[in-house]
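# Structural overview for review
Here's the letter readout for the chains.
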Amino acid sequence: MGHCIYAYSTMFFTFALLLNVWSTAAWGEEANSALLLETANYEVAPMAFAPNYIGLIVNQNHPWSYGQRTWAKGGPSFGAEYRFFYKDSWTLAISLGFKKLVDSEGNDKSLLSQSQESMRIIRLYHPLYLGVGGKFSLYSPVRKITLPYERDDTRAIDNGVSLCLSALWLATPRMTMVMTVSRWRSLSTTKRQGLEVSISSLYRFR
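About the criteria used
Residues numbered from 1 in each chain as written. Predicted model: local features only at pLDDT ≥ 70, side-chain atom pairs only at ≥ 80, totals over all residues. Heavy atoms only, no water. Helix = DSSP H or I, 4+ residues; strand = E, 2+ residues; numbered from the N terminus. Buried < 20%, exposed > 50% of the residue type's maximum accessible area, 1.4 Å probe, protein only. Contact = heavy atoms within 4.5 Å. Areas by Shrake-Rupley, 256 points an atom, 1.4 Å probe, with all protein chains shown as cover. Patch = residues over 30% accessible without salt bridge, like charges linked within 9 Å, V, L, I, M, F, W, Y side chains within 5 Å. Salt bridge = Lys/Arg side-chain N within 4 Å of Asp/Glu carboxyl O. pLDDT = per-residue confidence, 0-100. Phe/Tyr/Trp six-rings, centres within 6.5 Å; stacked < 30°, edge-to-face > 60°.

Check the secondary structure of the protein chain and you find one helix and eight strands. Listed by position from the N terminus, the elements making up the protein chain come as α-β-β-β-β-β-β-β-β. With 206 residues in all, the protein chain has 33% of them scored as buried. Sequence separation of 24 or more characterises 57% of the internal contacts of the protein chain that already satisfy a separation of 6 or more. Accessible surface, the protein chain as shown: approximately 13100 Å² in total, 65% of it carbon and sulfur.

The next thing to look at is a nonpolar patch on the surface. Nonpolar side chains collect at one region of the surface, where Ile122, Leu124, Tyr125, Val132 and Leu165 lie side by side and expose about 480 Å² of accessible area between them. Per-element tally for the nonpolar patch: the top contributor is strand β4 (residues 111-125), with three residues. Inspection of the secondary structure assignment puts Val132 in strand β5 (residues 128-141). Since its relative accessible area comes to 41%, Val132 is described here as partly exposed.

Attention shifts here to unusual backbone geometry. Residue Pro127 is reached from His126 by a cis peptide bond, and omega for that bond is 15 degrees. By the secondary structure assignment, Pro127 is in the loop between β4 and β5. Residue Pro148 is reached from Leu147 by a cis peptide bond, and omega for that bond is -5 degrees. Looking at the element boundaries, Pro148 is found in the loop between β5 and β6 (158-172). Unlike most non-glycine residues, Lys87 shows phi in positive territory, near 50 degrees. Residue position: Lys87 is located in the loop between β2 (73-86) and β3 (90-102). Relative accessible area serves as the criterion here: at 56%, Lys87 is assigned to the exposed category. The backbone of Asp88 shows a phi angle near 55 degrees, a positive value even though the residue is not glycine. Position of Asp88 relative to the elements: it lies in the loop between β2 and β3.

To continue, consider the confidence of the model for the protein chain. Confidence in the prediction for the protein chain averages 85 pLDDT; 78% of positions are at 70 or higher. Counted against residues more than four places away or in other chains, residues 1-31, with its pLDDT under 50, gives zero contacts. A low-confidence stretch, residues 35-43 (pLDDT under 50), is modelled with zero contacts involving residues beyond four sequence positions or located in other chains.

If you trace the backbone, Leu195 turns up in strand β8 (residues 193-204). Separated by 135 residues in sequence, Leu195 and Gln60 have C-alpha atoms that sit 8.3 Å apart. Excluding its chain neighbours within four sequence positions, the residues that come into contact with Leu195 are Gln60, Asn61, His62, Trp64, Val181, Ser182, Arg183 and Trp184.

Moving on to the packing of aromatic side chains. By the definition in use, this model includes seven aromatic pairs. Plain terms: the ring middles of Phe49 and Phe85 are 4.3 Å apart, the flat faces sit at 5 degrees to each other, and that makes the pair stacked. Here Phe85 lies in strand β2 and Phe49 lies in the loop between α1 (2-44) and β1 (52-63), a separation of 36 residues in the sequence. For the pair formed by Phe49 and Phe85, the shared burial category is buried. Plain terms: the ring middles of Trp71 and Trp184 are 5.9 Å apart, the flat faces sit at 55 degrees to each other, and that makes the pair tilted. Of the two residues, Trp71 sits in the loop between β1 and β2 while Trp184 sits in strand β7 (residues 175-186), which places them 113 residues apart along the sequence. With a relative accessible area of 2%, Trp71 lands in the buried category. A residue is classified by how much of its surface remains accessible, and Trp184, at 1% relative accessible area, is buried. In textbook terms, an aromatic cluster arises when at least three aromatic residues are bridged by ring pairs, as seen for Phe49, Tyr53, Phe85 and Tyr129.

If you want it as C-alpha cells, here you go:
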C-alpha cells in the first residue's frame, strides 16, 4: 500500500512539475512576442513631421522696455526659413528676415536678422504641438525693407538672442504652420530689444 501511495505521489509531482515548466515557457513566449510586437510597432510608427521644410515668414515687431529709447514703433515685415525636425522631439531652423522698426522722428531704422533657432517640441494633441527654445541672431542695419536690401553704414552690426514660444500645426501632410512669439534683445546694449510675433508657412520638400 505504501509503495502505491509513493508511486502515485511521485507521478503527481512529476506531472505538476511538467505542467509548471510548460506554462512558464508558454507565458515567456507570449511575453516575448508582445514585447517584439510593441518594439516593431514603435519602430515603424510614422513621425508627425517630415525632416525638411522650407517656407516664408510674416512678422510684426515692436520695441520693448529700454528698446523704446531707440525705436518709437515697429511694423510688419517678412523673411524666409528652412526648418529641420528630429523625431518629433526637436526642431532646428535657419532664417533670414527683416525687423521693421522706426525711430521717434519717423526714420526707418529696420534690421536684417540672420538667425539660428533650436526648440524642444511638446505634443499637446495631434496635429497641434508646442515649441519652446531660443535663437541666436546677427542684426544688420538696413536703410529700408526691400530686396535687394541696402546696408546702413551709419549703424553697427550687432548680435542678439531670443526666447521663443511656438505653436506648430500640421495643416496638411505637406504643410506646417508655425506661430512664434519671440522676446529678443541685443547682446551689446539694453537699448536694442523688442517683441516679435511671426507666422511661418512651411512646405515639406523631402
